Every structure is written in C-alpha cells, then in structure tokens.
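One-letter residues, chain by chain:
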Amino acid sequence: MDAAAPDTAEVRDRYLRFARDEAPGRSAVYAAWAGGVADDERVAGVLTRIPATHRQPPLVFAVARMLGAPEAGYAAFAEWVLGHADELVAECSARSLQTNEPLRCAALLPAFSGVSGPIALLEVGASAGLCLYPDRYSYRYDGGAALDPSDGPSAVVLRSALTGDPPLRMPDIVWRAGVDLTPLDAADPADRRFLTSLVWPGEEGRAARIEAALDVVAADPALLVRGDATDPATLAHLAARAPADATLVITTPGVLPHIDRAGRARLVSAIRASGAVWISIDPPAMHLDGVDAVDAAAGPGGFVLRRDGSALARVDPLGAWVVWSNET
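Conventions adopted
Residues numbered from 1 in each chain as written. Predicted model: local features only at pLDDT ≥ 70, side-chain atom pairs only at ≥ 80, totals over all residues. Heavy atoms only, no water. Helix = DSSP H or I, 4+ residues; strand = E, 2+ residues; numbered from the N terminus. Rg over C-alpha atoms; globule rule 2.2 N^0.38 Å. Buried < 20%, exposed > 50% of the residue type's maximum accessible area, 1.4 Å probe, protein only. Areas by Shrake-Rupley, 256 points an atom, 1.4 Å probe, with all protein chains shown as cover. Lys, Arg positive; Asp, Glu negative; His and termini not counted. Charge placed at Lys NZ, Arg CZ, Asp CG, Glu CD. Pairing = 2+ DSSP bridges. Expected span 1.5 Å × (residues − 1). Arc of directions from axis to C-beta. Contact = heavy atoms within 4.5 Å. Polar contact = N/O pair within 3.5 Å; in protein donor to acceptor, adjacent residues only side chain to side chain. Salt bridge = Lys/Arg side-chain N within 4 Å of Asp/Glu carboxyl O. Core = buried A, V, L, I, M, F, W, Y, C linked by side-chain atoms within 4.5 Å. Phe/Tyr/Trp six-rings, centres within 6.5 Å; stacked < 30°, edge-to-face > 60°.

### Looking at the overall build of the protein chain
Line of reasoning, step 1. Broken down by element type, the protein chain carries 12 helices and 11 strands.
Line of reasoning, step 2. Against the 2.2 N^0.38 benchmark of 20 Å for 328 residues, the protein chain shows a C-alpha radius of gyration of 20 Å, consistent with a compact globule.
Line of reasoning, step 3. When the backbone C-alpha atoms are referred to their principal axes, the protein chain occupies close to 60 × 40 × 40 Å.
Line of reasoning, step 4. Within the protein chain, the fraction of its 328 residues that count as buried is 54%.
Line of reasoning, step 5. Here the protein chain displays about 13700 Å² of accessible surface, and carbon together with sulfur accounts for 51% of that area.
Line of reasoning, step 6. The protein chain carries 29 positive and 42 negative side-chain charges, and their two centres are separated by 1 Å.

### Some points on the sheet that holds strand β10 (residues 310-315)
Line of reasoning, step 1. Pairing within the open sheet is mixed, and its 11 strands lie in the order β3-β2-β4-β11-β10-β9-β8-β7-β1-β5-β6. Sheet topology places β3 (146-147) and β6 (223-226) at the edges, where each strand pairs with a single neighbour.
Line of reasoning, step 2. Two elements, strand β1 (residues 119-124) and strand β5 (residues 173-180), share 6 bridges in a ladder whose sense is parallel. Looking at the pairing, leucine 122 lines up with alanine 177 of β5.

### Description of helix α11 (residues 261-274)
Line of reasoning, step 1. Under the 1.5 Å per step criterion, the end-to-end length of α11 is 20 Å for 14 residues, consistent within 8% with the ideal 20 Å.
Line of reasoning, step 2. Taken together, the buried positions of α11 are Gly263, Arg264, Leu267, Val268, Ala270 and Ile271. Buried residues along α11 cover an arc of 160° about the axis, so they all sit on one side. Away from the buried face of α11 by more than 90 degrees, exposed residues Arg261 and Ala273 are located.
Line of reasoning, step 3. Where α11 is buried, its residues contact β1, α10 (232-239), β7 (247-253) and β8 (277-282).
Line of reasoning, step 4. Regarding α11, its N-cap is aspartate 260, as a side-chain oxygen of that residue lies 3.2 Å from the backbone nitrogen of alanine 262 further along.
Line of reasoning, step 5. Glycine 275 sits one or two residues past α11 and shows a positive phi near 75°.

### Some remarks on the pattern of salt bridges
Line of reasoning, step 1. As enumerated under the stated definition, the model contains 19 salt bridges in all.
Line of reasoning, step 2. Notably, a salt bridge pairs glutamate 211 with arginine 192, separated by 2.9 Å at the nearest N-O pair. In this pair, glutamate 211 sits in helix α9 (residues 206-219) while arginine 192 sits in helix α8 (residues 189-197), placing the two residues 19 residues apart along the sequence.
Line of reasoning, step 3. Residue arginine 192 is classed as buried on the basis of its relative accessible area, which comes to 16%.
Line of reasoning, step 4. Through salt bridges with shared partners, one network takes in Arg26, Glu101, Glu203, Arg206 and Arg209.

### Describing the nonpolar core
Line of reasoning, step 1. The biggest cluster of nonpolar side chains holds 82 residues, and the ones touching the most others in it are Tyr137, Tyr139 and Leu305.
Line of reasoning, step 2. In this structure, Ala120, Val179, Leu235 and Trp278 belong to the second largest nonpolar core, which totals 24 residues.

### Describing the packing of aromatic side chains
The relation between two aromatic rings is expressed through the spacing of the ring centres and the mutual angle of the planes.
Line of reasoning, step 1. Scanning the model with the defined rule gives 11 aromatic pairs in all.
Line of reasoning, step 2. Taken together, a centroid distance of 5.3 Å and an interplanar angle of 55° make the contact between phenylalanine 18 and tryptophan 200 tilted. Taken together, the residues span a long stretch of sequence, with phenylalanine 18 in helix α1 (residues 6-22) and tryptophan 200 in the loop between α8 and α9 at a distance of 182 residues. You'll find phenylalanine 18 and tryptophan 200 in the same group, each marked buried.
Line of reasoning, step 3. Aromatic pair tyrosine 74 and phenylalanine 77: ring centres 6.1 Å apart, planes at 50°, arrangement tilted.

This is the structure:
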C-alpha cells in the first residue's frame, strides 16, 4: 500500500489482516469487501471517522448491510459507502459487536445439567438475552441425544456435534436476567435487524435461528439491565433480585475476552463473591488460575466450558461442537 495518513493506514492495515486471516473460508463477501477497503483510500478515509473501537470489519459490514448496502462485489459496496458515509459513521458509532448466538446454549447445557434445583439465571453480556432461554429451546446432538422443553419441541432447534457422554437434562429456570453495556430489545425491529445483520454472509442457518430465538425472547422478556458488570455493585444489585429459593447461576459465554485485564479481574472476583454457580465459555487460559489439560487440548479456535473455574469440555465458541472431558 502507498503512503497514507496514519489513521487511514491503520484502517487499511486492519482490513487487510481481516481479509487475509479471518474472512477466508467463512465469508467470501466479507473477504472481498475487506480486501477492497485495504486498497481504497477513499473508503478507508470514511471509516477513519468512526471511533477506533467501533470500526471493526464485522461491525462496519453488518451496519452497512443493515442500512441497505448490497451483498455484491466490492465496487458496489464502495459506491454505497461513499454515498451513505454520514449515515454509516453515525450508526457504527452508536453500535458495538454483540454476538448473541443461541446455539451457545448447546455448549452450556452440559454444565447446566450438573446444577440441581430451580435456577435463577443471570448472564453477563446478555445483549438481547438469547442465551437466557436454554429451557425454551430443543437440542439435537450428533450421536442421538435429543431434548425438548417440557411443553414440546421448540421452534428453535439447536444442532451440535457431541463427543463424550456428559449429563444432559433440561434446566429448571424460574428467573432470568442479564446485564449489558448496550442491551438490545428482542421486540424492537431495528435491534432485530442489527442482530441478524451481524451474521456473516455465507453462514447458513444462523439468521433464521436468531430470528426464531428473538421470537421466543420477545414473547416472555427477561430482566435486562444496562450497566457495567465489572463494577461489583452492578452485579451485586442484580443478583440480589434473584429469588432466594433458587440456585443463582451466572454465565459469561464468550464475554471475558472483550474485557480488559483489570476489569476481568474485578468481574471474576465479584462473581466468586456472589456465591453463585459460575458457568463460562472462554478461550484457553483466559481464566486467572492457570492452564489445565482441557485448556491445552482446546486447539486452534477451541474454547473451554467451565463450571466454577473447573474445565468440563472443549467447545466451539458458538456452540457448534462439544468435546466432553474424560476427566470430568
């Protein structure tokens, strides 16, 4: 790339890395768009107007599609960006990446199955709350395991590859709540469009699954609170609203990597101080207690399912597969 202003050079380099390392094999559209931005001073210049924490390629591309950018080649995308620059900058500045994937419940379910009694469920980084309803979804695991809600099969069917023999039973959830910096409303058309737009072009089935889960959530909304969970008071105040006769379970599915180390330490301390059962899905070695055998075996792209800090399984970050640990 030729010489450019520092901000523009940073944007172009960021999009080049995305085109080279992240998009291939997952979305041909995003690979082409990112590669185009890396070579286009004009479009990169528009993106410099977006705060650095809000101009990640998946966020910019999702917002552009939500606002009407055609899923076509780079020339059409660039033309759209240049013609809608102010609108794109404003919307990206107000949005953040929020991967609210209900399929994660297929990875969480084995950990829920080890918690007895009614559950008061509290999720950190809940977004629209799609992972607060594991008892309302149907599960179909490769190998034959199948579970449905007590009132019959759900419109949301979560399919996941399962290796091993974990305990599997539907959780009894009697209270559900979440905290997020920018919670989304499952009944709001704009928020629904944003969540489905976050699905990359080429990811078959995800948008339909999210739409179906949004319908489940909108029919019976959970308590969603806007706040910073790394502030111990935020988590304590919300946990105090849980019914006393239920087991409080706090989940952090994929949240810790998005929090700086100091905030992560505060959040972990607050969760442990709450006395709740803690269920997490995180990259290997993300916890502050060292590395164990399951972490070491997670492999590239694999995350680790934990309950109260103890590793239970290697899992796909979005729940597409679960490898139960023989040591559990």
